[in-house]
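# Results of the structural survey
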Amino acid sequence: MKKVAIVGSGISALACAVALKEEGVDFTVIEKDRAAGGKLLTEKVDGFVVEAGPDSFLPEKPWTLDLIRKVGLEDQLLATNEERKGTYIYSQGRLHRLPEGVMLMVPTMFMPLARSRLISLPGKIRMGMEAFIPGKANGSDESLAGFVTRRLGRECLEKIAEPLVAGIHTSDPQDMSVQAVFPRFLEMERKSGSLIRAMVKAMKKGTPATQSRKLTYFMSLKEGMQQLVDRCVAFVGEERVRTSCEVTEVRPAPVGYELLAGSERMVFDAVVLATPAYVTQGVLGRMAPALADRLSPIAWSSTATISLAFAAPHVQAHLPGFGFIVPRVEARRINAASWSSIKWSFRAPPGSLLIRSFVGGGQNGELVSRDDKDLVRIVREELREIAGITGEPLFTRVHRWTGSMPRYTVGHLDRVGAVDDALEPYPGLALTGCSYRGIGIGDCVRSGFEAARKIGAFLQGRGNP
Ligand SMILES: Cc1cc2nc3c(=O)[nH]c(=O)nc-3n(C[C@H](O)[C@H](O)[C@H](O)COP(=O)(O)OP(=O)(O)OC[C@H]3O[C@@H](n4cnc5c(N)ncnc54)[C@H](O)[C@@H]3O)c2cc1C
């Protein structure tokens, strides 16, 4: 029976593995770390569920739900606690609620925006004018900063779009690609001539994903996102997941490819590289230099999550919404904080509170390399000043993700297209993961499924679909 190697065991790799298992294909997942899962990592500490990486996925992108269904985890789906819902933005010394009806950065309701003190009157007028600004003639890529300033004005960029969009992507709005991150916005502009008009129309229709089931905008799993990893591993069979094995090179073999890991050599008929692009570049450098070269322009940023657990009586503050985000123009040291145990059930024992803060990314990247004590001190100072949170944490956890978030800069999709072209001469070789067409879990799962389809077709002698 022909055999496939899947290198890496992040969610892209596991989605690929689940799909191959369904097709009856023989494969081995090869992971350099001691455990599978990549960035999906959940720590359980004294009844608290601490997410080191992602804490949720967007059901709007249906592939994660597909994967959850395939591995039988539907009964573990966890919605956000909608009664406490609300995003707050720190601006000029206080927290402002993101006006109701602002979808990502597009206002769809007049009154809440008019009443909000987050945006100045000229800023609000400028945002409203979006409905009358003609669309760009050519659909070429541009930066998030350029796009938002052109359509909604600078204040919307600085106070809403940058922290909500670039912040989450740990990117700089000045060079972040709208085409790669929000193709939908460009399509709205092209089809409707206005984001506001297109968004209002879409809202009237409702999103099919969230209408039909009890789904909230963000979803998680009761035991944390690692539950998905554990279930995928159980589904494909633990014996197919080999950990503590770092692949250093992929070479051509008389049939298929040879993988080098330390002194070991393994031959496979097909290979899926589900590793970050800079690792993929390294392992392919000798066999496929032109392909490796095309992977090198993808830039990466570093981020850290700092979780603080409190016995709630020690927290002398009423915490608004699910947490807050901080625009970079405020020049603070944290980017955001999320009240994890308010946003979700099952995250802390009754009467306690779990808070998760983020540093680094597109701004203050150097903070990520500070030691744990320093990072916790910085976060506590910021939380005290911004949200009035005092008190001694029961425990703290710091998780660093160094060079681990790809930054999709202007022209990213063209560069990924060039990577696809350079991959053509290598039948049975597929690349998947967050480096290419989406960093969110949904897009990673989709890319894992696509890699499985490509490899399945190759093994059946049908070439690339
Ligand atoms: C702090 C943080 C918060 C996030 N929050 C969210 C969120 O809430 N929602 C969301 O949708 N997305 C979120 N993301 C993004 C999302 O988690 C990632 O983009 C996604 O999980 C990446 O999956 P992947 O499979 O592409 O890569 P990874 O998870 O990075 O997996 C790659 C794997 O390859 C392995 N590997 C590397 N080199 C080798 C080698 N030579 N040999 C063998 N194995 C190797 C690595 O050890 C790793 O396990 C967040 C990311 C971070 C860092």
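Just so you know, these numbers come straight off a predicted model, no measurement behind them. (Residues numbered from 1 in each chain as written. Predicted model: local features only at pLDDT ≥ 70, side-chain atom pairs only at ≥ 80, totals over all residues.)

Next up on the list: the sheet that holds strand E12 (residues 249-252). In spatial order, the strands read E12-E13-E14; together these three strands make up an open sheet with antiparallel pairing. What marks the edges here is a single partner per strand, and that holds for E12 and strand E14 (264-268). Across the sheet, the mean angle separating the axes of adjacent strands is 25° when strand polarity is ignored. Here four bridges tie E12 to strand E13 (residues 257-261), and the two strands are oriented antiparallel to one another. Looking at E13, one finds that Val250 is bridged to Leu259. (Pairing = 2+ DSSP bridges. Helix = DSSP H or I, 4+ residues; strand = E, 2+ residues; numbered from the N terminus. Axes fitted to C-alpha atoms, helices over the stretch in contact; angles between N-to-C directions.)

Right, let's get into helix H9 (residues 195-205). Listed in full, the buried residues belonging to H9 are Leu195, Ile196, Ala198 and Met199. Buried residues of H9, viewed axially, fall in a sector of 165°; they line one side. Of the exposed residues in H9, those oriented more than 90 degrees away from the buried face are Lys204 and Lys205. Here the buried face of H9 lies against strand E8 (102-103), strand E9 (106-107), helix H5 (144-152) and helix H8 (183-192). (Buried ≥ 20, exposed ≤ 12 C-beta atoms within 10 Å, placed from the backbone. Arc of directions from axis to C-beta. Contact = placed C-beta atoms within 7 Å.)

Each pair of packed helices can be summarised by the angle the axes make with each other and by the distance between the axes. In contact at an axis separation of 9 Å, H5 and helix H6 (residues 154-166) are set at 135° when each is read in the N-to-C sense. Regarding the angle of H5 to H6, the classification is oblique. Pair H5 / H6 crosses with right-handed handedness. Within the contact between the two elements, H5 uses Leu144, Ala145, Val148, Thr149 and Leu152 and H6 uses Arg154, Cys156, Leu157, Ala161, Val165 and Ala166. For the contact of H5 with H6, a count of residues per class yields nine nonpolar, one polar and one charged. (Parallel < 35°, antiparallel > 145°, perpendicular 65-115°, else oblique. Left-handed = near helix turned anticlockwise from the far one by under 90°. Nonpolar A, V, L, I, M, F, W, Y, C, P; charged D, E, K, R; others polar.)

For the rest of this paragraph, the subject is the packing of H8 against H9. Between H8 and H9, the least distance of the axes is 8 Å, while the angle of their chain directions is 100°. On the basis of their axis angle, the class for H8 and H9 is roughly perpendicular. Contacts between H8 and H9 involve Phe185, Met188, Glu189, Lys191 and Ser192 on the former and, on the latter, Leu195, Arg197 and Ala198. Split by residue class, the contact of H8 with H9 holds four nonpolar, one polar and three charged.

Before going further, it helps to examine the domain arrangement of the protein chain. You can read the domains of the protein chain as domain 1 (3-35 + 224-288 + 426-459) and domain 2 (100-211). For domain 1 and domain 2, the distance between their C-alpha centroids amounts to 36 Å. (Domains from an automatic or database assignment.)

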